[in-house]
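Here's the letter readout for the chains.
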Amino acid sequence: MQAHPHVKILGTGHAVPEKILTNADLEQMVDTSDQWIIERTGIRTRHIAAPGTGVAPLAATAARNALRDAGLEPQDIDLIIVGTVSGDYKFPATACLVQQQLGLERAAAFDVSAACSGFLYSLRLAESLIRTGDFRHALVIGAEVLSSQVDWSDRNTCTLFGDGAGAAVVGPSSDGRGILAMHLASDGRHSQLLINPGCGSANPPSPDNLHLHAIRMEGREVFRHAVAAMCDGLDKVLAKSGARLEDIDLLIPHQANLRIIQAVGKKAGIGEEKVYVNVDRFGNTSAASIPIAIDEARRMGHITSGQLVAAVTFGAGFSWAAGLIRF
Ligand SMILES: CC(C)(COP(=O)(O)OP(=O)(O)OC[C@H]1O[C@@H](n2cnc3c(N)ncnc32)[C@H](O)[C@@H]1OP(=O)(O)O)[C@@H](O)C(=O)NCCC(=O)NCCS
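In this text, all values refer to a predicted model and were calculated from it rather than measured experimentally. (Residues numbered from 1 in each chain as written. Predicted model: local features only at pLDDT ≥ 70, side-chain atom pairs only at ≥ 80, totals over all residues. Heavy atoms only, no water.)

Okay, the layout of surface pockets next. For the largest pocket, the calculated volume is near 1100 Å³. Taken together, 48 residues form the lining of the largest pocket, with Val85, Ser86, Lys90, Gln149 and Asn196 sitting closest to its centre. Among the secondary structure elements, those contributing two or more residues to the lining of the largest pocket are strand E5 (108-112) and strand E9 (194-195). Residue composition of the lining of the largest pocket, by class: 24 nonpolar, 21 polar and 3 charged. Lining the lining of the largest pocket are residues from two domains, each supplying at least three of them: domain 1 (6-175) and domain 2 (179-326). Of the voids in this model, the second largest pocket is the one considered here, and its volume is about 710 Å³. Residue lining of the second largest pocket: 27 residues in total, with Asn156, Leu160, Met217, Gly219 and Arg220 positioned closest to the centre. In the lining of the second largest pocket, the residues fall into 13 nonpolar, 9 polar and 5 charged. Summarising the domain contributions, the lining of the second largest pocket has at least three residues from each of domain 1 (6-175) and domain 2 (179-326). (1 Å grid on protein atoms, 1.4 Å probe; cavity = no way out; pocket = protein on both sides within 12 Å on 5 of 7 lines; lining within 4 Å. Points joined across faces, edges and corners; volume = space filled by probe spheres on them. Helix = DSSP H or I, 4+ residues; strand = E, 2+ residues; numbered from the N terminus. Nonpolar A, V, L, I, M, F, W, Y, C, P; charged D, E, K, R; others polar. Domains from an automatic or database assignment.)

Right, here's the structure in full:
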């Protein structure tokens, strides 16, 4: 097979559950207020999946929307990668469930566990595999139903997260557009600062440890590292590509918290008008955050053909990533 020098995004799509959880709803559940949540996080609403519905249906809907946008059929796809830490099952991979829901039989399908960095990690893998020539068209999906892992009595975390999925169809590029540079990094020394300690082999489910099966977070520490890491990722992709900061038309930071987003823009030296924000409506959708934002920005005309977009993300692990993409 022929190796390809460049890989580009051919289409995007996203999907969120219908149900919207407002700050007023949360006021009824824990000791919090709309004012506190808006001031500290910028979040006003988030979409929440019905209990027990899993993440695969959302991922499959986002994938269908991306395929339609790309003008391709499911049968054109030979690789499916889903970035998620809230898959339907411990195994098999959610990517295999998406494959089944799309009616595909032979595409390679697997999940990537990199928390909020899951989409950019998956995109990097897809890019590498397509460049070898062994694969042609990949579905890269970031999808989460983190509401299934939230302790709804913990005000430190329950206001922050939302559910959703975003997808991109990627394939070979011959016009110089596409992924110009990517950077992936992790630092496992901080693994305990943002963690769901339950559900795995270290703490298998038992009637005594149900309290372990939920997200725990040292919010301030996460905040501090997030800003530094996302700025570092941006520096790295600019250096790798030779692009300049002023060449960037839109910065899409991981949508975790408005204050983190603003701090990244400020530290990086990018004006507010070039920094994409939708955390107010979606909350932190983890791996889905970047692809939902890319799709929304494209559909709203904030990303047009030829523009240079930087995406930066940070999450549990810690893991972080950045990508520079010419649309
Ligand atoms: C979680 C976060 C919003 C908290 O904001 P903060 O300004 O750092 O707040 P602090 O941690 O200083 O907590 C201040 C107080 O608010 C309280 N508080 C926390 N959540 C609250 C809520 N939802 N409503 C009201 N009070 C709350 C805390 O209990 C604390 O009270 P105390 O001083 O009596 O102990 C912030 O640290 C953050 O966004 N961190 C990053 C989280 C994130 O993005 N994680 C995912 C990354 S991928």
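Turning to the UniProt feature "domain: Beta-ketoacyl-[acyl-carrier-protein] synthase III N-terminal" (unreviewed entry) in the protein chain, a few remarks are in order. Within the UniProt annotation, "domain: Beta-ketoacyl-[acyl-carrier-protein] synthase III N-terminal" (unreviewed entry) is assigned to residues 110-188. In residues 110-188, the share of helix is 18% and the share of strand is 37%. The end C-alpha atoms are 23 Å apart. (UniProt positions renumbered as here; feature names shortened; annotations may be inferred.)

As a further point, take the site of the ligand. If you check the shell around the ligand, you find 22 residues, and the closest are Thr32, Arg40, Gly219, Arg220 and Asn257. Backbone polar atom of Arg155 to a nitrogen atom of the ligand: 3.0 Å apart, as the coordinates give it. Measuring from an oxygen atom of the ligand, one finds a side-chain N or O atom of Arg220 at 2.6 Å. In the complex, 76% of the free accessible area of the ligand, which totals 960 Å², lies under the protein chains. (Near = heavy atom within 4 Å. Polar contact = N/O pair within 3.5 Å; in protein donor to acceptor, adjacent residues only side chain to side chain. Areas by Shrake-Rupley, 256 points an atom, 1.4 Å probe, with all protein chains shown as cover.)

Of note, Ala107 is situated in the loop between helix H4 (94-102) and E5. Accessibility expressed as a relative area gives 10% for Ala107, which makes it buried. Spatially, the C-alpha atoms of Ala107 and Asp78 are 4.0 Å apart, while their sequence positions differ by 29 residues. Contacts of Ala107, omitting those with residues within four sequence positions, involve Ile77, Asp78, Leu79, Ile80 and Gln99. (Buried < 20%, exposed > 50% of the residue type's maximum accessible area, 1.4 Å probe, protein only. Contact = heavy atoms within 4.5 Å.)

Entries for the protein chain in the domain assignment read domain 1 (6-175) and domain 2 (179-326). One C-alpha centre belongs to domain 1, the other to domain 2; they are set 14 Å apart. Listed as interface residues are 51 residues of domain 1 and, on the opposing side, 47 residues of domain 2. Between domain 1 and domain 2, a total of about 3700 Å² is buried, with carbon and sulfur atoms accounting for 62% of that surface. In terms of surface lost to domain 2, no three residues of domain 1 exceed Cys116, Leu120 and Tyr121, which account for 19% of the buried area on that side. (Buried area = accessible area lost by both parts, 1.4 Å probe.)

What follows is about helix H9 (residues 289-299). Most of H9 sits inside the fold, with 9 of its 11 residues counted as buried. Turning to H9, its buried residues number three or more, namely Ser289, Ile290, Pro291, Ile292, Ala293, Ile294, Asp295, Glu296 and Ala297. At the exit of H9 stands Gly301, carrying a positive phi of roughly 80 degrees.

Turning next to the packing of helix H6 (residues 219-241) against helix H7 (residues 258-268). Where H6 meets H7, the axes come as close as 9 Å, and the angle between the chain directions of the two elements is 40 degrees. In terms of orientation, H6 and H7 fall into the oblique class. H6 and H7 meet at a crossing whose hand is right-handed. Residues Phe223, Ala226, Val227, Met230, Cys231 and Leu234 of H6 lie in contact with H7, whose contacting residues are Arg259, Ile260, Ala263, Val264, Lys267 and Ala268. Among the residues making up the contact of H6 with H7, the classes are represented as 10 nonpolar, no polar and 2 charged. (Axes fitted to C-alpha atoms, helices over the stretch in contact; angles between N-to-C directions. Parallel < 35°, antiparallel > 145°, perpendicular 65-115°, else oblique. Left-handed = near helix turned anticlockwise from the far one by under 90°.)

Turning to the sheet that holds strand E1 (residues 6-15), a few remarks are in order. The strand order E1-E7-E6-E4-E5 describes an open sheet built from 5 strands, whose pairing is mixed. Lying at the two open borders of the sheet, with one neighbouring strand each, are E1 and E5. Here the strands of the sheet are splayed against their neighbours by 20 degrees on average, with no regard to which way each runs. Inspection of the sheet shows strand E4 (residues 79-83) paired to strand E6 (residues 138-144) by 5 bridges, in the parallel sense. Following the sheet pairing, Leu79 is matched in E6 by Ala138. Relative to the sheet, H9 contacts E1, E6 and strand E7 (164-173), its axis offset from that of E1 by approximately 90 degrees. (Pairing = 2+ DSSP bridges.)

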